[in-house]
Each structure stands twice: as C-alpha cells, then as structure tokens.
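Residue strings, one per chain:
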Amino acid sequence: MTLRVDVSGADNFALQEAISAYTDEAYTNAKKLSGTGIVSGNPQIDTNTETFIGQMRWFKPMNPTINIASLTDSADGTGSTYTSDYLNYVKTVRTYGGTKVNMQEVVTQQDGLAKIGRDFGEHRSQDEHNAILAILKGVAISEAINGTAVGGGGTGLGGQTFENDPTDPKYGFYVDLGSDAVVKAYDNTVASMERGAQRAAGFLNAFGMAYKDYEPEYAYLITSPEVMASLRSANLVDQDGVVDGNIKFDTIFQGKFRLIQTRAAQSLSAAELAKLNTGAGVDIVGTKTSFIVLPGAIAMESLDVPMPVEIDRAPASYKGGGSTSIWHRWGYVAHPAGYNWAGSQDSFPSDAMYQYGIDNNTPTLLTDIADTLANTTGTWIRKADSALSLGILPIFHS
C-alpha cells in the first residue's frame, strides 16, 4: 500500500517557507586590521612591474656642510652632498573558490554559488587581515633579531634614552617592558605589568622611547581582549572615542592611542622567544606582544589580476546532474614603511613567508629562526637611516 500525502494550499506554503528559511551564521573571526587607518595606499608602488618584486627609490636627507665665510682665506668652500636609496617590495596573488552540485538545488531550493559569492568579501578581508598580521609579526621578529642576535650590547629601545636617535641597527626597534626597570618601578611585584594602569603607562613610555620629539599626534594600539579588559578595569578608556572613516575606536590618553582590539594570535610563542634569545644580545623577557602602529604604516596596493572571477561547468559529473565551480582571484602588494623585502624574489609569498621567510603555512619557525640568527637578519630589513621614520613598534610585555 502506498501512502500519498497531498501537501497543498496553506500546508504547501508552510513547507516552501521552511525550505527557503536558510540564513547565514555570523562569522566570529578575530577583528580585522585591513579596514583600519594603519593601511594606506602608496603611489610609489608600481604594480605593473614584470617581475615578482618592484622597487621604491628616494633621496636621503642632505649631508650639509656649513662654511664660515672669510675675507682673508681664498680657499673654496666645501659643498654639501646627498645620496639615494631603494627598497624592494613583493607582489602576492590569492585565490578562493567552491563548487555546487547542481541538482542539490532541487532539494534545498538554494543556489550554492550564491552562498560562495556572499562569503567572498569576508574571506578576502580575512586574507588581507592575516597578511597584515603576518607582516607585523615578521617586523617584530626581524627587529628582535637585531636586538638579541648581534654582538654584545644588542638590545631593544628599553635600554636607550628618550633623547637618542637609535640609528645603530644593533638596537632593535622594539621595547621590552618585561625587562624595563623604569616601568616595573610602578610596583614592586613581578606582575605589575598585568595591571591596567601600569600597562598603559608602559605603552606610553614605549611610545616616547621610540619617537622622541617626533612623537605623532596619535597612533593605533593593536592589543588583545585581555589587555583591553585591564585598561577598562583601570578606568583608562576615554568616554568619547574617535570616528575614523566608518569605524569608531575606543581611545586612551585623550585620543593618543586608538585601540584596535583583536584576539588574533599576535604574540610570539614561548619557543619562538627562546630561540630568539639564543643570540649574543639582551634577552626578551615580555611574553605577550602588542603593537603601536602609525597611520599608513603598511602600504597596500591592489593588483590587476586576469580573470578575477571564473566559472567552470562540469555537466557530466554526478551522473549527468552536473556541477558548477566558481573561482575568485585577487592580488596586492602589502609592505611596511621603512623596510626592504628580503624574502624570495621568484614566487608569490604566503603569510608564512611574510612572517618567517619560509613557505610553510604551519611553520614551527625554530629551524628558520636558527638559520636567520646565523645571518643576523630577518624577512624585513630596516632601510630607514633613522628609526624615527619607522611606523611599527612591537612591544613585548607581561
């Protein structure tokens, strides 16, 4: 006996309503860095070069010689001189795609390609966020190598004063609050930096150590929810934030730091720090990492990629039911101000290459850091003569 159920009228409407009631679960990835003011364009980046890399060139400041005029000495005056320099940047291309089984739409009444397309924007912005975070960590590693791996005396800015211009590369452009007695003096306990007021004071001290009398009007502080909670518990977050574009930022110190809260894995691991600390310089003690980043510190330019969207149909697949694939392609140059790309010049870099200089999406880092320590360099080599020209300040803290 066959049981036939007649679904019509109101019942049919209810069934169709249930079938069509698909919605999208919200993404809960870490907050993005790509849409903030730390990123800007740079007209010096030429995306039409015929290699994987390009070059930016600039004039360095004059080396002035001031002569004192004389009425009795007929010797010629000494002229001033100038030089130029260049740095390399690298292109990358990323792809994202998916496939729908055509006949599945008969059952679900939903277009699988529409879902893939709807989510493309999220995945692209997440990719750009990941690249920026990898660059920040790559700069931190490169500068930490400067301070820990070179000959005796190498250190970060914590061992310097508020007056000097640390042009010597042995001074890594970072501040280790975990070993800074000036900061720890706020409290006699080792855990003093775990408290909001001390953390905030440490960040402000680090800002002054890095930029001296060239301290900018404001900067972005990229930090974790844990640090953000400690700042809030100390009642340090300003009542009125700052609107930048279409984003509202919480701030501290009357807008001096615009807070970017992200739970992205921005800190170096204990194993990574231990490997960095095998050099001849002063060990890094802080176990967490935050970043003070100036506006526009990372230049980002899009590439013109052929066939940015392509659809491929396989009508014979799934016993003739067919399937349809869609692929998105995009590319960009992402580059930190003041640094030279020292990685591969014959391939598109992955995020691991931005960070470690190796093409491995799940790196342990340890072998590569050991190799890098031997060369006392990192993926990003500082090219600016003055550290005051740099825009990324890693801060190691507890």
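### Some remarks on the layout of surface pockets
For step 1, the next point in the chain: In this structure, the largest pocket occupies an estimated 390 Å³ of space.
For step 2, the next point in the chain: For the largest pocket, the lining is made up of 21 residues, of which Trp58, Ala337, Gly338, Ala384 and Ser389 are closest to its centre.
For step 3, the next point in the chain: Here the lining of the largest pocket is composed, by residue class, of nine nonpolar, nine polar and three charged.

### Observations concerning the packing of helix H5 (residues 196-211) against helix H6 (residues 225-233)
For step 1, the next point in the chain: Where H5 meets H6, the axes come as close as 7 Å, and the angle between the chain directions of the two elements is 110°. Regarding the angle of H5 to H6, the classification is roughly perpendicular. Where H5 approaches H6, its residues Gly196, Arg199, Ala200 and Phe203 are matched on the opposing element by Glu226, Val227, Ser230 and Leu231.
For step 2, the next point in the chain: Residues of the contact of H5 with H6, tallied by class, amount to four nonpolar, two polar and two charged.

### Points about the pattern of salt bridges
For step 1, the next point in the chain: For the structure shown, the criterion picks out 15 salt bridges.
For step 2, the next point in the chain: Note that Asp85 and Lys60 form a salt bridge whose closest N and O atoms lie 3.4 Å from each other. Here Asp85 is found in strand S3 (residues 84-101), whereas its partner Lys60 is found in the loop between strand S2 (53-59) and S3, with 25 residues between them in sequence. This pair shows no difference in class: Asp85 is buried, exactly as Lys60 is.
For step 3, the next point in the chain: Between Arg258 and Asp244 there is a salt bridge, and its shortest N-O distance comes to 3.2 Å. Of this pair, Arg258 sits in strand S8 (residues 257-261) while Asp244 is found in strand S6 (residues 242-244), placing the two residues 14 residues apart along the sequence.
For step 4, the next point in the chain: Look at Arg258 and you get buried, because its relative accessible area is 12%.

### What about the packing of aromatic side chains?
For step 1, the next point in the chain: The tally for this structure, following the rule as stated, stands at 14 aromatic pairs.
For step 2, the next point in the chain: Where Phe59 meets Tyr82, the ring centres are 5.5 Å apart and the plane angle is 80°; that geometry is what we call edge-to-face. Of this pair, Phe59 sits in strand S2 while Tyr82 sits in the loop between S2 and S3, placing them 23 residues apart in sequence.
For step 3, the next point in the chain: Residue classification places Phe59 among the exposed positions, given a relative accessible area of 63%.
For step 4, the next point in the chain: Three or more aromatic residues link up through ring pairs in this structure, and these residues are Phe173, Phe207, Tyr211, Phe253 and Phe257.
For step 5, the next point in the chain: Over the ring of Tyr86 we find Lys383, and its NZ or CZ is 5.3 Å from the ring centre.

About the cut-offs
Residues numbered from 1 in each chain as written. Predicted model: local features only at pLDDT ≥ 70, side-chain atom pairs only at ≥ 80, totals over all residues. Heavy atoms only, no water. 1 Å grid on protein atoms, 1.4 Å probe; cavity = no way out; pocket = protein on both sides within 12 Å on 5 of 7 lines; lining within 4 Å. Points joined across faces, edges and corners; volume = space filled by probe spheres on them. Nonpolar A, V, L, I, M, F, W, Y, C, P; charged D, E, K, R; others polar. Axes fitted to C-alpha atoms, helices over the stretch in contact; angles between N-to-C directions. Helix = DSSP H or I, 4+ residues; strand = E, 2+ residues; numbered from the N terminus. Parallel < 35°, antiparallel > 145°, perpendicular 65-115°, else oblique. Contact = heavy atoms within 4.5 Å. Salt bridge = Lys/Arg side-chain N within 4 Å of Asp/Glu carboxyl O. Buried < 20%, exposed > 50% of the residue type's maximum accessible area, 1.4 Å probe, protein only. Phe/Tyr/Trp six-rings, centres within 6.5 Å; stacked < 30°, edge-to-face > 60°. Lys NZ or Arg CZ within 6 Å of the ring centre and 35° of its normal.

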